[in-house]
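# Notes for the structure review
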Amino acid sequence: MTTSSPEPSGPTRAGRLPGAPSVDVVLPCLDEAEALPWVLERIPDGWRAVVVDNGSTDGSAELARSLGATVVREERRGFGAACHAGLTAATADIVCFCDCDASLDPADLVPFVREVDSGTADLVLGRRRPTARGAWPAHARAGNLVLARMLRRRTGFRLHDLGPLRAARREALLALELTDRRSGYPLQMVVRAADAGWRVAEHEVPYLPRAGTSKVTGTWRGTWHAVRDMRRVLAEPPAAAVREGAGQ
């Protein structure tokens, strides 16, 4: 079950210039109270922060709400479940995604949104560049490299990273009919965007040491589960073929 708090009237909605696109930033959250103040402070003026609480026990939801964010509750555990709950709760023209652990700066999304709004690209992704030793563990980086190569073979996109910082139009994202609710969600988004003929761009962004402990890539086991989820996504037939088969 997914529930949301009323849209705030505070700084996350104020200040949008006439003619500028409306933007929602989806922030999947599981026990990120330590990082939330910094992350929400970095949301650009006029944009709305949509924090998706995925079962936090450290008061993250209450803190996010007190800081002016819209809070959505997603009871089903999983990175994809949280991201998709945020997407379905979004109402803006353009939806962005960003981790809620202070490893990525939401302010870096500004040129991404500009590119999507201008029609230069349909999906813009951030290629993470570590700013400090240990910001991106070796096992997580190795798993990401393998998946990026597999993605190239599957889609033809010469991407280097499957990072969570990204932007696209909300209605187009919903039309992709994403089904993965685990770690494969970001990859499935790119695969189905490729099948749909989207123009995908990738730009470097600083990758900072995260606050707290990673729930996915902080261990070899977590990385392995993420790779397994993504390999399953890559093995799926093209989305168009699935729809055609269902209609026969």
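Residues numbered from 1 in each chain as written. Predicted model: local features only at pLDDT ≥ 70, side-chain atom pairs only at ≥ 80, totals over all residues. Heavy atoms only, no water.

## Overview of the overall build of the protein
Each helix and strand in the protein was counted, giving nine helices and eight strands. Counting the 248 residues in the protein, one finds 51% classified as buried. Within the protein, residue pairs in contact and separated by at least 24 positions form 77% of the contacts whose partners lie at least 6 positions apart. Accessible area of the protein: about 11,600 Å², with a carbon and sulfur share of 52%. (Helix = DSSP H or I, 4+ residues; strand = E, 2+ residues; numbered from the N terminus. Buried < 20%, exposed > 50% of the residue type's maximum accessible area, 1.4 Å probe, protein only. Contact = heavy atoms within 4.5 Å. Areas by Shrake-Rupley, 256 points an atom, 1.4 Å probe, with all protein chains shown as cover.)

## Focus on the environment of G197
Structurally, G197 is set in the loop between α7 (185–195) and β8 (200–207). Using a relative accessible area of 56% as the deciding quantity, one classes G197 as exposed. C-alpha separation for the pair G197 and D122, spaced 75 residues apart in sequence, amounts to 9.4 Å.

## A word on the pairing of strand β7 (residues 166–169)
Note: strand β5 (residues 94–97) against β7, four bridges, orientation antiparallel. Looking at the pairing, V95 lines up with A168 of β7. The sheet contact formed by strand β6 (residues 123–130) and β7 spans three bridges and is antiparallel. If you follow L123 over to β7, its bridge partner there is A168. (Pairing = 2+ DSSP bridges.)

## Considering the confidence of the model for the protein
Summary statistics for the protein give a mean pLDDT of 85 and a share of 81% for residues scoring 70 or more. This stretch, residues 1–13, has a pLDDT under 50; its non-local contacts, to residues over four places away or in other chains, come to 40 contacts. Within the model, the stretch residues 241–248 combines pLDDT values under 50 with two contacts to residues more than four positions away or in other chains. (pLDDT = per-residue confidence, 0-100.)

## Side note on the environment of E171
Secondary-structure assignment places E171 in helix α6 (residues 170–175). For E171 and L87, which are 84 residues apart along the polypeptide, the C-alpha to C-alpha distance reads 9.6 Å.

## A few points about empty space enclosed by the protein
Counted according to the given criterion, the structure contains two cavities of 30 Å³ or more. Counted as a void, the largest cavity has a volume near 40 Å³. Considering the residues around the largest cavity, the lining is formed by F79, C83, F97, G163, P164, R166, Y185, P186 and M189. (1 Å grid on protein atoms, 1.4 Å probe; cavity = no way out; pocket = protein on both sides within 12 Å on 5 of 7 lines; lining within 4 Å. Points joined across faces, edges and corners; volume = space filled by probe spheres on them.)

## With respect to the packing of aromatic side chains
The final tally for this structure, using the stated rule, is zero aromatic pairs. The lysine or arginine in question, R128, covers the ring of Y207, its NZ or CZ lying 5.2 Å from the ring centre. (Phe/Tyr/Trp six-rings, centres within 6.5 Å; stacked < 30°, edge-to-face > 60°. Lys NZ or Arg CZ within 6 Å of the ring centre and 35° of its normal.)

## Side note on the side chain of S56
Locating S56 in the fold gives a position in the loop between β3 (48–53) and α2 (60–66). According to the relative accessible area criterion, S56 is buried, its value standing at 17%. Of note is the side chain of S56, whose polar atom sits 2.7 Å from the backbone nitrogen of D31. In this structure the side chain of S56 is engaged in a polar contact, spanning 2.6 Å, whose partner is the side chain of D53. (Polar contact = N/O pair within 3.5 Å; in protein donor to acceptor, adjacent residues only side chain to side chain.)

## Observations concerning the nonpolar core
Ranked by size, the top nonpolar core spans 34 residues in total, and within it V25, L27, L40, W47, V51, C96 and L109 carry the most contacts. Broken down by secondary-structure element, the contributors of at least two residues to this core are β2 (23–29), α1 (36–41), β3, α2, β5, α4 (110–118) and β8. A total of four residues in this core trace back to one element, the largest contributor, which is β2. Not counting chain neighbours up to four residues away, the residues in contact with L40 comprise L27, A49, V51, A64, L67 and A69. Counting residues in hydrophobic clusters, the runner-up holds 33 residues, among them C83, F157, L159 and A193. (Core = buried A, V, L, I, M, F, W, Y, C linked by side-chain atoms within 4.5 Å.)

## Notes on α4
If you check which residues of α4 are buried, you get F112, V113, E115 and V116. All buried residues of α4 lie within an arc of 160° about the axis, which places them on one face of the element. Just downstream of α4, G119 is the residue with a positive phi angle, here 85°. (Arc of directions from axis to C-beta.)

## A few points about unusual backbone geometry
Negative phi values dominate among residues other than glycine, just as trans dominates among peptide bonds. The phi torsion at A102 lies on the positive side, around 70°, for a residue other than glycine. On the secondary structure map, A102 appears in the loop between β5 and α4. Taking the relative accessible area as the measure of exposure, A102 reaches 12% and is therefore buried.

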